[in-house]
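Reading the structure
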Amino acid sequence: MEGSESRVVMNGTQVSYIGQDCEEIPAFIGEQYGGFAKRLDLSFNLLRSLEGLKAFSCLEELIVDNNLLGNDLLLPRLPHLHTLTLNKNQITDIESLLDHVAEVAPSLEYLSLLGNEACPNELVSLDKDEDDYQRYRYFVLHKLTNLKFLDTRKVSKREHEEAKARGAFMKVVKPKTDTESRDLRSVSPGMPYTPLPSGSRNSKCHKGVFAKCQYVYYGKHSEGNRFIRDEQL
């Protein structure tokens, strides 16, 4: 414990505990610094949970870059938090994250998500381009209307206007994986595609009825009969 405590760097109200490979926030950090710390840097650890933040009632800046935080990330209510950086974590679901952050951090003005799959840019995937990233920005600004800075760029007035008008429709949808696509196509392996309900695809339990019918053609209403007299029929 003493060795871990000695690795904490404090400068006024700024507290850093970087590169210690911890999987959760050590309890002693909250006990000793939670009451007055306004800036907390926990980058380059192995954090999967931020449960220990409950003790930081005055927190204004939170930096948790290069950790293992995922879609199950839960933050306590942080009414004074204006800066949050989550770069290079494992977040893939942008909508649930933004809904949660909007609820627990109403004063947030700066957010950075670079290096997460939820942030579509070339740092994560080479098949993403500037259009994908711009749509992502509009969607984030639609959810977090008070943001002034997103990732590495200041939010412009035009972006706010576009987000207000169309941001709800700018969500970048992740395409289905090959496995999911195969599952959809292979309802019955070896059977060709059919629009019929699944209950009628099995030939052994098919309920359709086929029978011969007799049809007699009398020649009435035929287009060709317009040129034939009645006595010639």
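Details of the structure are given in the entry above.
Residues numbered from 1 in each chain as written. Predicted model: local features only at pLDDT ≥ 70, side-chain atom pairs only at ≥ 80, totals over all residues. Heavy atoms only, no water.

**Quick look at the sheet that holds strand β7 (residues 149-150)**
Reading across the sheet, the eight strands line up as β1-β2-β3-β4-β5-β6-β7-β8 and stay open at both edges, with mixed pairing between neighbours. On the outer flanks of this sheet lie β1 (9-11) and β8 (153-154), each paired with one strand and no other. Sheet topology note: the strand β5 (residues 83-85)/strand β6 (residues 110-112) ladder contains three bridges and is parallel. Paired with L84 across the two strands is L111, which belongs to β6. (Pairing = 2+ DSSP bridges. Helix = DSSP H or I, 4+ residues; strand = E, 2+ residues; numbered from the N terminus.)

**Some remarks on the nonpolar core**
If you look at the biggest cluster of nonpolar residues, it comprises 50 residues, and the most contacted ones within it are L50, L62 and L111. By residue number, the principal contributor to this core is helix α4 (residues 130-143), which donates six residues. Every residue in contact with L50, bar those within four places of it in the chain, is listed here: I25, L62, V64, L69, L73, L74, L75 and P76. (Core = buried A, V, L, I, M, F, W, Y, C linked by side-chain atoms within 4.5 Å. Buried < 20%, exposed > 50% of the residue type's maximum accessible area, 1.4 Å probe, protein only. Contact = heavy atoms within 4.5 Å.)

**Things to note about the pattern of salt bridges**
One pass over the structure, following the stated rule, counts nine salt bridges. Between R137 and E159 there is a salt bridge whose closest N-O contact spans 2.7 Å. In this pair, R137 is assigned in helix α4 and E159 in helix α5 (residues 157-166), connecting sequence segments 22 residues apart. Residue R137 is classed as buried on the basis of its relative accessible area, which comes to 0%. Between R166 and E162 there is a salt bridge; the shortest N-O distance is 2.9 Å. Linking R166 with E162, this pair stays in helix α5, spanning four residues, or about one helical turn. Several salt bridges share partner residues, and in doing so they unite E130, R137, R153 and E159 into one network. (Salt bridge = Lys/Arg side-chain N within 4 Å of Asp/Glu carboxyl O.)

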